[in-house]
Amino acid sequence: MRGFWAALSLLILSGIAVAEAQTFPSRPLTLIVPFPPGGSTDTAARIMGERMRTTLGQSVVIENVGGAGGSIGVGRVARAAPDGHTFDIGQWDTHVGSIIYKLDYDLEKDFEPIALISNNPQLMVAKKDLPANTLGELVAWMKDNPGKINFVNQNAAAHVTGVLFEKLTKQKVQFIPYRGAGPAMTDLVSGTVDLLVVQGAVALPQIRAGKIKALANLSAARSASMPDIPTSDESGIAGLYMSGWFGFWAPKGTPKDVIAKLNAATTEALADPAIQKRFSELGLDVAPRAQQTPEGLTAFQKAEIEKWWPIIKSAGIGAQAQ
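Residues numbered from 1 in each chain as written. Predicted model: local features only at pLDDT ≥ 70, side-chain atom pairs only at ≥ 80, totals over all residues. Heavy atoms only, no water.

Counting secondary structure elements, the protein chain contains 12 helices and 10 strands. Radius of gyration (C-alpha) of the protein chain: 21 Å, near the 20 Å computed for a compact globule of 322 residues. Projected onto its principal axes, the C-alpha coordinates of the protein chain cover approximately 85 × 40 × 30 Å. A total of 322 residues make up the protein chain; the buried ones form 51% of that total. (Helix = DSSP H or I, 4+ residues; strand = E, 2+ residues; numbered from the N terminus. Rg over C-alpha atoms; globule rule 2.2 N^0.38 Å. Buried < 20%, exposed > 50% of the residue type's maximum accessible area, 1.4 Å probe, protein only.)

What follows is the structure in structure tokens.
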């Protein structure tokens, strides 16, 4: 008799879960942006959220939860109800580089991937009067002028890129900590600092205005949104790669049917020419269709973790360095 009631309870709970998935979403969704308003992550989230509203039939409310390199906002998603109504827009700093913090969640086990949204080329840019126009020229100048180049360290991604730069070139840089790309860009324009690794969307306006110069796109291939900027391979340092990206994650245990609906709304948005145009204007490349799947994002994040975690750990990079 006890087995009968247990089986009946499981059947009822299963029926409730199926019903919830079928009626999803039943109320407005919350898209957590783990950074303050105004940055490229926030902008991309708002563009996607507005378009996804059409498919989902519910509004997507943006909630900015900044702090600790984005790990506070991501932690909120990890602890949210796994019903699909709360999800986050994550990136390298939040879903790979955040191991520099003491996290109370597991980056690989506590989330359900929804889709990779975009690849966001990172640029190495320099102050206008730096006596080098390519990475190759930069390395040659550094050999003749040891200890004179400073490198902005505004987040974990920038720091590990600097470490990789040192490893590949056998040259040392002076790391200068900053709390964000905004202040760092201001000082780069003024000539206070020498080098900055930053998302193309942040740097392009200053590059186009002639206030700073781009040394390289730190991607394996040129970007469709900024095709005139050479890759690091072309510019003189083979293998100096750091490509940012955006993806959507939901809490662990979110039903597969719900994930499928969120994924469908995401891919439909990314296929919209208007969205593609806005992304291009921001210096973002829409992710390949094969990576716009939960499985695609899982494989992508796994590859990023396998590449970068050993570098972070061997370099001893921690939150105190930020």
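Time to look at unusual backbone geometry. In this model, Phe24 is joined to Pro25 through a cis peptide bond whose omega is -10°. Inspection of the secondary structure puts Pro25 in the loop between helix H1 (2–23) and strand E1 (29–33).

With 47 residues, the main nonpolar core has Trp92, Met124, Leu138 and Leu195 as its most contacted residues. Contributions of two or more residues to this core are made by helix H3 (71–78), strand E4 (111–127), helix H5 (135–144), helix H6 (156–169), strand E7 (195–199), strand E8 (212–217), strand E9 (243–251) and helix H12 (294–315). Per-element accounting of this core gives the leading share, seven residues, to H12. Trp92 has contacts with Gly97, Ala156, Ala157, Val160, Met242, Trp245, Glu304, Trp308 and Ile312, leaving out every residue within four places of it along the chain. (Core = buried A, V, L, I, M, F, W, Y, C linked by side-chain atoms within 4.5 Å. Contact = heavy atoms within 4.5 Å.)

Another point: H3. Taken residue by residue, H3 has Ser71, Gly73, Val74, Gly75 and Val77 as its buried positions. Buried-residue contacts for H3 involve E1, strand E3 (86–91), helix H4 (92–95), E4 and E9.

Interhelical geometry of helix H2 (residues 40–56) versus helix H11 (residues 273–281) gives an angle of 175° and a closest axis separation of 11 Å. Between H2 and H11, the interaxial angle falls into the category roughly antiparallel. Taken together, the residues of H11 that come into contact with H2 (itself represented by Ile47, Met48 and Arg51) are Ile275, Arg278 and Phe279. (Axes fitted to C-alpha atoms, helices over the stretch in contact; angles between N-to-C directions. Parallel < 35°, antiparallel > 145°, perpendicular 65-115°, else oblique.)

Here we come to the pattern of salt bridges. Pairs can form between side chains of opposite charge whenever their charged atoms are close. A full pass over the atoms with the stated rule returns 12 salt bridges. The partner of Arg46 in a salt bridge is Asp42, and the shortest N-O contact between them spans 3.0 Å. Of the two residues, Arg46 and Asp42 both sit in helix H2, four residues apart, roughly one turn of that helix. Measuring nitrogen to oxygen at the nearest pair gives 2.8 Å for the salt bridge that ties Arg51 to Asp272. Taken together, the positions of Arg51 in helix H2 and Asp272 in the loop between helix H10 (256–270) and H11 put the pair 221 residues apart, joining distant regions of the chain. Here Arg51 matches Asp272 in class, with each residue buried. One network of salt bridges, with partners in common, ties together Arg51, Glu268 and Asp272. (Salt bridge = Lys/Arg side-chain N within 4 Å of Asp/Glu carboxyl O.)

What follows is about the confidence of the model for the protein chain. Residue-level pLDDT values for the protein chain average 90, and 92% of them are 70 or greater. Confidence over residues 13–17 falls short of pLDDT 50; this stretch has zero contacts with residues more than four positions distant or in other chains. (pLDDT = per-residue confidence, 0-100.)

Okay, the pairing of strand E2 (residues 60–64) next. As judged from the five bridges shared by E1 and E2, these two strands associate in the parallel manner. Looking at E2, one finds that Val33 is bridged to Asn64. (Pairing = 2+ DSSP bridges.)

Before going further, it helps to examine the side chain of Gln199. By the secondary structure assignment, Gln199 is in strand E7. Accessibility expressed as a relative area gives 10% for Gln199, which makes it buried. With near-sequence residues (within four places) excluded, Gln199 lies in contact with Ser40, Asn120, Pro121, Gln122, Phe246 and Leu284.

Further remarks concern the environment of Leu215. Residue position: Leu215 is located in strand E8. Leu215 sits in the buried class, given a relative accessible area of 0%. Each C-alpha atom of the pair Leu215 and Met124 lies 5.6 Å from the other, and the pair is 91 residues apart in sequence.

If you check H10, its first and last C-alpha atoms are 21 Å apart, about what 15 residues at 1.5 Å a residue would give, namely 21 Å. Within H10, burial applies to Val258, Ile259, Leu262, Asn263, Ala265, Thr266, Thr267, Ala269 and Leu270. (Expected span 1.5 Å × (residues − 1).)

On to the pairing of strand E5 (residues 150–153), then. Along E5, one buried face is formed by Asn150 and Val152 and the opposite face, lined by Phe151 and Asn153, is buried too. Here E5 pairs with strand E6 (residues 174–177) via four bridges, running parallel. Bridge pairing in E6 places Asn150 opposite Gln174. You can see the chain leave E5, run along H6 and come back into E6, and the turn it takes is right-handed. (Right-handed = clockwise from strand over helix to strand, strands pointing away.)

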